[in-house]
Amino acid sequence: MERHPLSLKVMRLTRPSLTQRFPTSTEPTDEIDDAIHSLQRGAAVDVPKLEDCALTNLLKLPSVSGPVYLGEMFSAFLCIRNDSEGPVSDVSLKVDFQTDGGRDLLVEPSQRQRLEPGQQLPQTISYDVRAIGVHVLSCVVFYTNSIGEQKSFPKYFKFKVVQPLDVHPTFTHLPKCILLEVRLRNMMQHPVHFQSVKFHPSPAFKHKDHTVYHLESDDPTAPPRPMSVFPQHTALQPKDARQYLYKLTPASGVVDLPFKMEAAVGKLDIVWRGMLGEPGTLQTSQLIRRVPKTSAFEADVTVDTTEVLVHKQFQCKCRIMNLTAVDLAVSLEIDQSTCEKQGIVVVGETSQNLGIIPAQGELPVDLQLLPVVSGITTLTGIRVQELQSGSQYPVVMPQMVVQPRTSSVYTASSNSVDSLLA
């Protein structure tokens with residue numbers, strides 16, 4: 001094995017931590033209280049007015065190199081030293097990171113220097129870790145020996161990058177919206193402070209963050225100030241978790257096919273700080289939901305009035321959506337007897353040929369309804385029929401409150417009936 005006149009040392013740079021202590025708590029009336037506090041005030045770890053605090057003003061260097069977390073900055077100090085008795089010329093260093101996704105060059109072997117015996121060539125590197133798995137720090141030292149031969153020797157350092165946070169989404173599907181709950185658990189060995197947690201929805205969605213509220217200002221001209229429900233200066237301890245809640249609604253304002261069928265709802269951007277301010281950032285991949293099973297057709301019905309009165313005709317707007325991948329010919333079938341049992345009469349044809357609805361498309365249909373009985377009702381008996389197979393799919397109508405007419409109307413109606421009977 002060839003012996004080289006140069007040596008390479010690599011040391012990972014990590015920040016120290018605050019030394020912890022276990023304060024002794026006593027009652028102010030105890031005789032030993034003054035003695036304990038006098039000893040604490042004379043100790044080297046004393047912090048004025050914080051004798052009962054678990055953290056001190058002393059820094060503790062790490063005894064071992066901890067894990068490397070995704071989203072944090074990996075820093076290292078490299079030093080080339082001439083261990084021979086003669087000078088070495090054309091000394092340079094090449095450093096790169098090898099990951100499963102390729103190779104990232106950090107230091108190019110461009111600057112060539114001459115090292116006298118005992119002289120050192122220091123170099124500091126930083127690398128933003130953006131992938132999970134095994135990483136290899138590859139270092140190659142180039143030099144020219146005393147007889148003019150160009151030589152080199154490599155050194156490799158392997159380490160594993162792990163997840164800093166456990167991101168667990170939970171979806172709750174409601175008729176007009178989706179509730180997204182995201183649990184963030186601190187998987188690191190030290191506490192972290194979240195600077196920001198922002199959700200970026202996919203184009204089919206818009207969202208509202210329910211972990212943020214707006215505080216009114218004393219100045220009436222100033223806008224409300226957004227505030228988080230979590231304490232501002234509270235760190236998340238190792239293995240602890242926080243829950244974030246987002247309400248997702250259709251970006252178009254109506255429940256359309258992209259809102260129903262899109263599986264990827266969006267991403268999270270998370271920024272945090274360590275105990276001594278070391279930064280960390282993480283952007284999750286797309287949060288994927290399990291799209292609920294749907295039938296071939298689905299209808300979205302809205303009532304085109306704010307008040308439904310008995311014996312007063314009103315209109316319902318119905319959007320029939322084809323959720324399949326093929327064009328389908330359909331018709332609208334109405335069972336008038338079933339509708340009348342619910343206290344509502346459908347005005348118009350009981351069978352309508354709607355034509356062809358394209359794949360992943362929709363078709364608007366207007367229904368004229370006449371309530372004959374007041375009260376709370378849900379209309380049934382309206383179906384979409386696929387003409388080729390004959391399969392029928394029910395149209396789910398919203399629950400309606402049919403209000404009675406005014407007493408004057410009823411009086412007029414009663415008088416008219418009495419006159420007819422006379």
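Preceding this paragraph is the structure being described.
Numbering of residues begins from 1 in every chain and follows the order in which that chain's sequence is written. Totals for whole chains, interfaces and linings use all residues, but because this is a predicted model, local features are given only for residues with pLDDT of at least 70 and pairs of side-chain atoms are given and counted only at 80 or more. Water and hydrogen atoms play no part in the side-chain values, which are based on all heavy atoms of the structure.

> I keep staring at the environment of Phe230 and nothing clicks. Help me out?
To qualify as a helix, a DSSP run of H or I must reach at least 4 residues; to qualify as a strand, a run of E must reach at least 2; elements of each kind are numbered from the N terminus. Considering the arrangement of structural elements, one finds Phe230 in the loop between strand 17 (225-228) and strand 18 (241-250). Distance in space between the C-alpha atoms of Phe230 and Val212 is 8.8 Å, their sequence separation being 18 residues. Note on contacts: a residue pair is in contact if any heavy atoms of the two residues lie within 4.5 Å. Ignoring sequence-local partners within four residues, the contact set of Phe230 consists of Thr211, Arg242, Gln243 and Tyr244.

> Would you mind going over the side chain of Thr144 with me for this structure?
Of note, Thr144 is situated in strand 10 (residues 133-144). A distance of 3.1 Å separates polar atoms of two side chains, one belonging to Thr144 and the other to Asp90. Discounting chain neighbours no more than four positions away, the residues touching Thr144 are Val88, Ser89, Asp90, Glu149 and Gln150. Here a polar contact is taken to be a pair of N or O atoms separated by no more than 3.5 Å, where protein atoms must pair a possible hydrogen donor with a possible acceptor and residues adjacent in sequence count only if both atoms sit in side chains.

> Please clarify how the packing of aromatic side chains should be interpreted in this entry.
Any two aromatic rings considered together are summarised by their centre-to-centre distance and by the angle between their planes. We call Phe, Tyr and Trp rings a pair once their centres come within 6.5 Å, taking the six-membered ring for Trp, and we label the pair stacked below 30 degrees between planes, edge-to-face above 60, and tilted otherwise. Taken as a whole and judged by the stated rule, the model has 7 aromatic pairs. Judged by centre distance (5.6 Å) and plane angle (85 degrees), the rings of Phe97 and Phe159 are edge-to-face. Pair noted here: Phe97 is in strand 6 (residues 88-99) and Phe159 is in strand 11 (residues 150-162), with a separation of 62 residues, a long-range link. Counting every residue linked through ring pairs, the aromatic cluster contains Phe74, Phe97, Tyr127 and Phe159. By the criterion adopted, a ring carries a charge over it if an Arg CZ or a Lys NZ lies within 6 Å of its centre and within 35 degrees of its normal. One cation-aromatic arrangement involves Arg242 over Phe230; the distance from NZ or CZ to the ring centre is 4.7 Å.

> Whenever I open this one, the nonpolar core confuses me. Can you help?
Residues enter a nonpolar core if they are buried and are Ala, Val, Leu, Ile, Met, Phe, Trp, Tyr or Cys, with the set joined through side-chain atoms within 4.5 Å. Think of it in three bands: residues with accessible area under 20% of the maximum for their type are buried, residues over 50% are exposed, and the middle band is partly exposed, with areas taken using a 1.4 Å probe on protein chains only. The biggest cluster of nonpolar side chains holds 53 residues, and the ones touching the most others in it are Leu6, Ile80, Leu180 and Phe194. Examining the composition of this core, we find that 5 residues originate from one element, strand 6, more than from any other.

Remember, this is a structural readout, not a statement about activity or role.
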